Amino acid sequence: MGINNFRKSSVNIKDTLIQIKNSRVFLVIVGLFLLSLLLSVLSPHFLTVSNILNVLKQISMIAVVSIGMTYVIITGGIDLSVGSVLALSAVSAAYLMTHNINMYLAITVGMIIGVVCGFISGILITTKINMPPFIATMAMMGIGRGLSMVITEGRPIYGLPNQFGFIAGGYVFGIPMPVIIMIFLYLIGYVHLSYVRTGMYYYAIGGNQEATRVAGIDIRRVKLSAYVISGLTASIAGIILASRLVSIEPLSGSGYELDAIAAAVIGGANLYGGEGSIIGTLVGAIIMGVLRNGLNLLNVSAYWQQVAVGIVIAGVVSINALRKK
Amino acid sequence: MANDCLLRLEGISKSFGGVRALQDIDLEVNYNEVLALVGDNGAGKSTLVKIISGAIPPDKGKIFLEGKEVSIKNPGEAASLGIQMCYQDLALVDCLDVATNIFLGREICRRVGFVDFLSFRKMREKSISHLKTLGIELQNVKEKVKNLSGGQRQVIAVSRAVYWGTKLVILDEPTAALGVREAKKVNELIKNLKQKNISIIVISHNLQHVFYVADRVVVLRHGRKAGERVIKETDGDEVVKMITGAEFNGQELAY
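Being a predicted model, the structure only gives us computed values, none of them experimental. (Residues numbered from 1 in each chain as written. Chains lettered and ligands numbered in written order. Predicted model: local features only at pLDDT ≥ 70, side-chain atom pairs only at ≥ 80, totals over all residues.)

1. Quick look at the overall build of chain A
Piece 1. Looking only at helices and strands, one finds 14 helices and two strands in chain A.
Piece 2. Its C-alpha radius of gyration of 21 Å places chain A within 12% of the 20 Å reference for a compact globule of 325 residues.
Piece 3. Taken over the C-alpha atoms alone, chain A extends approximately 70 × 55 × 35 Å along its principal axes.
Piece 4. A buried classification covers 49% of the 325 residues belonging to chain A.
Piece 5. Counting only contacts in chain A whose residues sit at least 6 apart along the sequence, the fraction spanning at least 24 positions is 77%. (Helix = DSSP H or I, 4+ residues; strand = E, 2+ residues; numbered from the N terminus. Rg over C-alpha atoms; globule rule 2.2 N^0.38 Å. Buried ≥ 20, exposed ≤ 12 C-beta atoms within 10 Å, placed from the backbone. Contact = placed C-beta atoms within 7 Å.)

What follows is the structure, encoded as structure tokens:
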């Protein structure tokens, strides 16, 4: 292979189709399609508008958390704190609302808390302390959960304003609000990661941190921002959750970090960094939601559902790894 | 003397703890010249180019660029002075395509509001035309770097350094990991660069390559300059003797 062999047929439609076929996202979309086909054959209730909207509503919170997780994973990091940050933000907002603070102000404070949590994790990871992301966000996981318990004294907060319930309970043009929020955030994430300069930097850092630094990019700022985004999306998911239940308990969001990681990984993200896509993550979250929903419709017990989700994760990642070679 | 060379080092010294990595190195790089830097492992070649590229500061000594004294504190400053180091493994991001790699850190963007949208098409077009000026035919700059061969990657890394460092490019063992044919392509590229008004410092262990690409060779030994020769006026034996110190057996004790 020499320089002359560089010459390849110019980019044409065939190349583009091959590219789509080879992309990891394509595989998961096909997987989702086949899964849906199977479930609609097995259950008459699966392929109905109301059921599909229901699935999307159910996954909306995990899906929103997964946006930030995708950013973090693309940089080669991990964020274990999202479930706790979700709880802390939601609990703080709920606490303020039940103490006669304006609803919108309370929501804003909740989101700021999420941002601050992400910022602190990011500082631990990107400054001289140079803490591994696993450790830093594990510490934040404990802090967030603990503070949620402190604020609520371990009890759920009830009696949030009815108006607040609209965020998750409302519909616009027949589409549930959480789904609209989710799609909106995914659009922003998609455009940012695919077409915007700062979005490309996350991939660059995940692919080769040193080369990115030598290229003159402030890698600390980019990495820090990934954790801030993760904190923000976790807090938004927390607000949606609190609104949906019109109450919040300090243990909410437990285990969300693993679901979010699973969604990103099913969607083609590589925990070593540099790979992953926002569309893939959305499809990954939908696959998990559809799988759980379908198994529910088929009256499969919740215990077996966990087994099924585990098998899907192992299967998808194995197929991706084998296809690569 | 001050202005007839691109880069001049005077009395560069560097120690790491008790180890004297470089002692009193004088070095000149002329305009449009390929200078080979050779020496055994630990002779100080890497330390010297790291100092030139701003990765580490010298303990002592002066650096003149085009006759003016400069202090190069970090790789960014070196880049803005027109000095680019092309690292062996650090140069490229595997998961990005060729065009994005060439423009990494200085992307071409279209600003909408406060958001910089990447102009992929422009970067691809400019990459193709830039590679063409270096004699590299590559249409598919959309290919991810990880799908390229070692030689192709090296060529892209060098092209990238050349695109941004218009005066002096430093190559650390550009052919070390390559097969014979790929190494030949890289060497041809290096010779090509000379015609683009670019000077090159190339570190190499391969004397055959050195004699093929370089105009002049500087030999380092135990952190000192063991000698320098114009390539046309020397041969492999003499350079090897300078590298190993065979000629200086008698003087070795005096060091």
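Here the narrative resumes.
2. Looking at the sheet that holds strand E12 (residues 224-230) of chain B
Two strands in a sheet stick together by hydrogen bonds in their backbones, pointing the same way (parallel) or opposite ways (antiparallel).
All names here are of chain B.
Piece 1. Ordered by their spatial adjacency, six strands build an open sheet running E6-E9-E10-E3-E11-E12, and the pairing between neighbours is mixed. The sheet is open, and its two borders are formed by strand E6 (83-86) and E12, each paired with just one other strand. Sheet twist, expressed as the average angle between the axes of neighbouring strands with direction ignored, equals 20°.
Piece 2. Sheet analysis places strand E11 (residues 216-221) next to E12, joined by six bridges and oriented antiparallel. Bridge pairing in E12 links arginine 216 to valine 230.
Piece 3. Each of strand E3 (34-39), E6, strand E9 (168-172), strand E10 (199-203) and E11 touches helix H1 (residues 45-52); the most contacted strand, E9, lies at about 150° to it.
Piece 4. With respect to the sheet, helix H6 (residues 180-194) is in contact with E3, E9 and E10, its orientation differing from that of E10 by roughly 150°. (Pairing = 2+ DSSP bridges. Axes fitted to C-alpha atoms, helices over the stretch in contact; angles between N-to-C directions.)

3. Quick look at the interface of chain A and chain B
Piece 1. At the interface, 27 residues of chain A touch 33 residues of chain B.
Piece 2. Contributions of two or more residues to the side of chain A that touches chain B are made by helix H9 (197-207) and helix H10 (209-214) of chain A.
Piece 3. Ranked by residues supplied to the side of chain A that touches chain B, first place goes to H9(A) with six residues.
Piece 4. A per-class count over the side of chain A that touches chain B returns 13 nonpolar, nine polar and five charged. (Nonpolar A, V, L, I, M, F, W, Y, C, P; charged D, E, K, R; others polar.)

4. Description of the confidence of the model for chain B
Residue and element names in this part refer to chain B.
Piece 1. Confidence in the prediction for chain B averages 85 pLDDT; 93% of positions are at 70 or higher.
Piece 2. Of all the helices and strands in chain B, helix H2 (residues 75-81) carries the lowest mean pLDDT, 82, while strand E8 (residues 115-118) carries the highest, 94.
Piece 3. Within the model, pLDDT remains below 50 along residues 250-255, and this stretch shows one contact once partners closer than five positions in the same chain are excluded.
Piece 4. Predicted as a complex, the structure gets a pTM of 0.85 and an ipTM equal to 0.81. (pLDDT = per-residue confidence, 0-100.)

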